[in-house]
Amino acid sequence: MTDWIQETIAGRAETLGLTAYAVGKACDPPLDPGTVKRYFEGRCRLNSEYVGRICRVVRLTLRPCR
């Protein structure tokens with residue numbers, strides 16, 4: 001199954017020229033860059049708290065579907 005949220009977030013980071021390392025370090029509090037890299041590559045899943053922190057760095061907003 002394709003994780004379109006993960007693909008959108010990773011694509012946005014790429015568009016902004018941000019590496020997984022830069023995103024992880026920019027999170028508040030910081031996330032392990034290795035974990036962010038695995039998430040961007042689709043090799044792991046993250047809970048909504050971590051995904052929300054990454055979204056703030058790449059300037060994306062999570063909101064429920066209607």
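Structure's up top.
Residues numbered from 1 in each chain as written. Predicted model: local features only at pLDDT ≥ 70, side-chain atom pairs only at ≥ 80, totals over all residues. Heavy atoms only, no water.

Caption draft 1: Representation of the pattern of salt bridges. The final tally for this structure, using the stated rule, is three salt bridges. Two residues, D3 and R45, come together in a salt bridge whose shortest N-O distance is 3.8 Å. You can see D3 sitting in the segment before α1 (4-15) and its partner R45 sitting in the loop between α3 (33-40) and α4 (48-57), a full 42 residues away along the chain. D3 sits in the partly exposed class, given a relative accessible area of 25%. Linking R43 and E41 is a salt bridge whose minimum nitrogen-to-oxygen distance equals 2.7 Å. (Salt bridge = Lys/Arg side-chain N within 4 Å of Asp/Glu carboxyl O. Helix = DSSP H or I, 4+ residues; strand = E, 2+ residues; numbered from the N terminus. Buried < 20%, exposed > 50% of the residue type's maximum accessible area, 1.4 Å probe, protein only.)

Caption draft 2: Molecular detail of the layout of surface pockets. Roughly 170 Å³ of internal volume is contained in the largest pocket. The wall of the largest pocket is formed by W4, I5, T8, I9, C55, L60, T61, L62 and R63. Broken down by element, the lining of the largest pocket gets its largest block of residues, four residues, from α1. Along the lines of polarity and charge, the residues of the lining of the largest pocket split into six nonpolar, two polar and one charged. (1 Å grid on protein atoms, 1.4 Å probe; cavity = no way out; pocket = protein on both sides within 12 Å on 5 of 7 lines; lining within 4 Å. Points joined across faces, edges and corners; volume = space filled by probe spheres on them. Nonpolar A, V, L, I, M, F, W, Y, C, P; charged D, E, K, R; others polar.)

Read these as layout, nothing more, since geometry by itself doesn't imply function.
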